[in-house]
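Close look at the chain arrangement
Here's the letter readout for the chains.
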Amino acid sequence: MKHFLFILAIGIAAVFSYSEITAQTAPSKVIPAAQYYEGGQTAMYEFINSHLLYPPTAKRNRIQGECIVAGVLEADGTLTNVSVVKNIGGGCGEEAARVVKLLKFKAPGFKSQTSIPVYFKL
């Protein structure tokens, strides 16, 4: 009985640990610009992850974290005035800005200022 309870406790701990790890890799907040991205927030982050190239300097120095890129979503769906709000260094901010500039949004019909978090994790 003790072994069963021990295994059950380890299983429950593993489930909670997995959910914490999953929560850290995907943003929990809804990004305003995501509602204008074809496929929504999930598709937007899949695009970002598929086009993101980890900068060699950041990889060499084991830099990881979150960069926040801000910009203006124009009425026609283009992003202008893209700037790095939070940079973790090692070229990550510049790479995050490059990938965000590649995003193609649906035309919202009005101008909106927004920020998009981009995660770097080795």
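A few points on the structure. Each chain has its residues counted from 1, following the order in which its sequence is written. Totals for whole chains, interfaces and linings use all residues, but because this is a predicted model, local features are given only for residues with pLDDT of at least 70 and pairs of side-chain atoms are given and counted only at 80 or more. Excluding hydrogens and water, the side-chain values take into account all heavy atoms of the structure.

The criterion for an aromatic pair is that two Phe, Tyr or Trp rings (for Trp, the six-membered ring) have centres within 6.5 Å, with stacked assigned to planes under 30 degrees apart, edge-to-face to planes over 60 apart and tilted to the rest. Counted according to the given criterion, the structure contains 4 aromatic pairs. When the ring of Tyr36 is compared with that of Phe110, the centres are 5.9 Å apart and the planes differ by 80°; the resulting orientation is edge-to-face. Here Phe110 lies in the loop between helix H4 (92-102) and strand E3 (112-120) and Tyr36 lies in the loop between helix H1 (2-25) and helix H2 (40-51), a separation of 74 residues in the sequence. Linked through ring pairs, Tyr37, Phe47 and Phe105 together constitute an aromatic cluster. Helix and strand labels come from DSSP, where a helix needs a run of H or I of at least four residues and a strand needs a run of E of at least two; each type is numbered from the N terminus.

Salt bridges are defined as contacts in which a side-chain nitrogen from Lys or Arg sits within 4 Å of a carboxyl oxygen from Asp or Glu. Scanning the entire structure with this criterion turns up 2 salt bridges. Among the salt bridges present, the one from Lys86 reaches Glu66, with a minimum N-O distance of 3.8 Å. Separated by 20 residues along the polypeptide, Lys86 in strand E2 (residues 79-86) and Glu66 in strand E1 (residues 65-73) bring together distant segments of the chain. Summary of the burial criterion: residues with accessible area below 20% of their type's maximum are buried, those above 50% are exposed, and those between are partly exposed, where the area comes from a 1.4 Å probe applied to protein chains only. By relative accessible area, Lys86 is classed as partly exposed at 37%. The residue Arg98 makes a salt bridge to Glu95 at a minimum N-O spacing of 2.6 Å. Placement of both Arg98 and Glu95 in helix H4 is noted, with a separation of 3 residues, approximately one turn of the helix. Owing to a relative accessible area of 10%, Glu95 belongs among the buried residues under this scheme.

This brings us to the packing of H2 against H4. The axes are straight lines fitted to the C-alpha atoms, using for helices just the contacting stretch, and the angles between their N-to-C directions are given from 0 to 180°. Two numbers describe how H2 lies on H4: the axes approach to 10 Å, and their chain directions differ by 125°. If you check the angle between H2 and H4, you find them oblique. Every pair of crossing elements has a handedness; the one defined by H2 and H4 is right-handed. Judged by residue contacts, Phe47, Ile48 and His51 of H2 engage Glu95, Arg98, Val99 and Leu102 from H4. Note that Gly is not counted as nonpolar here; it falls among the polar residues with everything else outside the nonpolar set of Ala, Val, Leu, Ile, Met, Phe, Trp, Tyr, Cys and Pro and the charged set of Asp, Glu, Lys and Arg. Across the contact of H2 with H4, the residue classes break down as 4 nonpolar, 1 polar and 2 charged. Any angle that is under 35 degrees is reported as roughly parallel, and any over 145 degrees as roughly antiparallel; angles of 65 to 115 degrees are reported as roughly perpendicular and all others as oblique. Crossings are assigned a handedness: left-handed for a near helix turned anticlockwise from the far helix by less than a right angle, right-handed for a clockwise turn. Two residues qualify as a contact provided that any one of their heavy atoms is within 4.5 Å of a heavy atom in the partner residue.

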